[in-house]
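Descriptive analysis of the structure
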Amino acid sequence: MTASPGLSARAVSVRIEGHLVVGGASHDFDRVRLELLGLAARDPRIRLRVSAGFEEFLDGGEVAPPRVLLSYTCNVAPSEAARARLQRFLAGGGRWFALHATNSLFEWRPDGVACRGLEDPFLALIGSAFQAHPPLGPFLVEPVGVHPLTAGIGPFEVTDELYLSDVAGDVEVLLAARFCGHAAGFVRSDWTQGPELRPLMTLRRVGDGALLHLALGHCRGVYDAPHRAPVLPAREEGPWEVPAFRALVARGLAWAAGVDPATFERAA
């Protein structure tokens with residue numbers, strides 16, 4: 001475990017340049033993009049450049065270099081050049097708040113969904129590699145230890161995808177859920193061995209910066225899974241209306257931007 005950055009370590013009184021990456025597969029990215037932009041708009045100092053992938057991050061098209069990175073992606077891997085820019089951003093003091101499937105890189109195979117592990121340089125940078133999840137359903141989320149990002153929150157219940165991920169040894173686990181069972185449809189389907197506490201929120205230092213990953217946040221519309229069916233029978237809202245989850249998103253944004261979380265928590 002490493003010492004973690006504080007919740008509001010920086011006083012900010014000027015424009016805050018940031019970048020939001022939302023895109024990929026199998027999720028309602030329009031809904032999430034609007035949610036995150038609407039939340040950030042509560043602080044007029046935060047100005048976000050928006051893209052569907054990481055290639056545009058620090059590509060020279062910014063008004064000024066960003067100090068904040070937000071992401072909600074699924075199966076979106078940066079090129080080697082873009083990954084190097086992400087590494088430099090964090091090492092230089094940047095903060096990255098990554099949501100849900102940002103740590104998911106996979107392929108559909110006849111024997112199931114095969115996910116890349118921590119040997120992938122991008123996932124190693126995040127410090128977490130999604131491997132599987134049981135069917136969407138309710139579960140209890142528990143805080144792990146004491147941290148400003150989770151103070152006063154939990155345990156709480158969500159209906160979401162319970163991510164089963166491999167995590168690096170240098171991350172701090174802030175939230176987890178208990179699971180011991182099988183995740184049908186994934187190559188790594190057997191999760192009956194080892195610790196049953198599954199990390200859901202992790203914090204990793206990288207140089208002078210840090211990366212916060214919150215694995216909760218599934219959201220899918222009826223047209224968002226063509227690999228399964230042209231039209232799904234119902235939307236999957238995930239936890240986006242759960243107050244505890246919205247408070248965590250608000251705090252994550254405040255942590256990344258280095259501002260008072262109260263502005264966003266009132267909106268959450």
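One structure accompanies this document, and this report is about it. Each chain has its residues counted from 1, following the order in which its sequence is written. In view of the model being predicted, local features appear only for residues whose pLDDT reaches at least 70, and side-chain atom pairs are presented and counted only at 80 or more, with totals across whole chains, interfaces and linings using the full set of residues. Side-chain numbers here rest on the full set of heavy atoms in the structure, without hydrogens or water.

For the rest of this paragraph, the subject is empty space enclosed by the protein. Detection works on a 1 Å grid of protein atoms alone, calling trapped sets that fit a 1.4 Å probe cavities and calling open sets with protein on both sides within 12 Å along at least five of seven lines pockets, with lining residues defined by an atom within 4 Å of a point. Grid points are joined across faces, edges and corners, and a volume is the space filled by probe spheres set on the points. Going through the model one piece at a time under the given rule, you end up with 2 cavities of 30 Å³ or more. Roughly 40 Å³ of volume is contained in the second largest cavity. Asn103, Ser128, Ser165, Val167, Pro199, Leu200, Met201, Thr202, His213 and Ala215 are the residues that line the second largest cavity. Per the convention used, a helix needs a DSSP run of H or I reaching at least four residues, while a strand needs a run of E reaching at least two, with both numbered from the N terminus. Of all elements in the fold, only β10 (164–167) and β14 (197–206) reach the threshold of two or more residues within the lining of the second largest cavity.

Relative to the helices and strands, Pro243 is located in helix α4 (residues 243–257). Buried means the residue's accessible area, taken with a 1.4 Å probe over protein chains only, is under 20% of the maximum for its type, while exposed means over 50%, and partly exposed covers the values in between. Here Pro243 falls in the exposed class, since its relative accessible area comes to 62%. Each C-alpha atom of the pair Pro243 and Phe156 lies 9.4 Å from the other, and the pair is 87 residues apart in sequence.

What counts as a salt bridge is simple: a side-chain nitrogen of Lys or Arg found within 4 Å of a carboxyl oxygen of Asp or Glu. Counting across every chain of the model gives 18 salt bridges. Here Arg45 makes a salt bridge to Asp43, at a shortest N to O gap of 2.6 Å. According to the relative accessible area criterion, Asp43 is buried, its value standing at 4%. Salt bridges linked by common partners bring Asp28, Arg31, Glu35, Arg235, Glu237, Glu241 and Arg246 together as one network.

Time to look at the sheet that holds strand β2 (residues 46–51). In sheet architecture, strand pairing relies on hydrogen bonds along the backbone and comes in two forms, parallel and antiparallel. Strands pair, by our definition, only if DSSP identifies at least two bridges between them. Here 9 strands make up an open sheet; going across it, the order is β2-β1-β3-β4-β15-β14-β11-β8-β9 and the pairing mixed. Only two strands of the sheet have a single neighbouring strand rather than two, namely β2 and β9 (156–160). Averaged over all pairs of adjacent strands, the angle between their axes in this sheet comes to 20°, without regard to strand direction. Of the pairings in the sheet, the one linking strand β3 (residues 68–74) to strand β4 (residues 95–99) comprises 5 bridges and is parallel in character. Within β4, the position partnered with Leu70 by the bridge is Phe97. Contacts are residue-level and defined by heavy atoms, with any inter-residue pair within 4.5 Å sufficient. What counts as an axis is a line fitted to C-alpha atoms, over the stretch in contact for a helix, and the angles between N-to-C directions run from 0 to 180 degrees. The sheet strands contacting helix α1 (residues 29–40) are β1 (16–24), β2, β3 and β4, and the helix crosses β1 at an angle near 165°. Lying on the sheet, α4 is in contact with β1, β2, β3, β4, β9, β11 (172–178), β14 and β15 (209–214); it crosses β4 at an angle near 155°.

Here we come to the environment of Gln87. Structurally, Gln87 is set in helix α2 (residues 80–91). Contact partners of Gln87, with chain neighbours within four places excluded, come to Leu125 and Val206.

Time to look at unusual backbone geometry. Cis geometry is found at the peptide bond from Gly154 to Pro155, where omega equals -5°. Mapped onto the elements, Pro155 comes out in the loop between β8 (137–143) and β9. Even without being glycine, Ser26 reaches a positive phi, approximately 70°. Positionally, Ser26 belongs in the loop between β1 and α1. Owing to a relative accessible area of 11%, Ser26 belongs among the buried residues under this scheme. A positive phi angle, near 45°, is found at His100, a position not held by glycine. When you line up the elements, His100 lands in the loop between β4 and β5 (106–109). Given the relative accessible area of 0%, His100 is considered buried.

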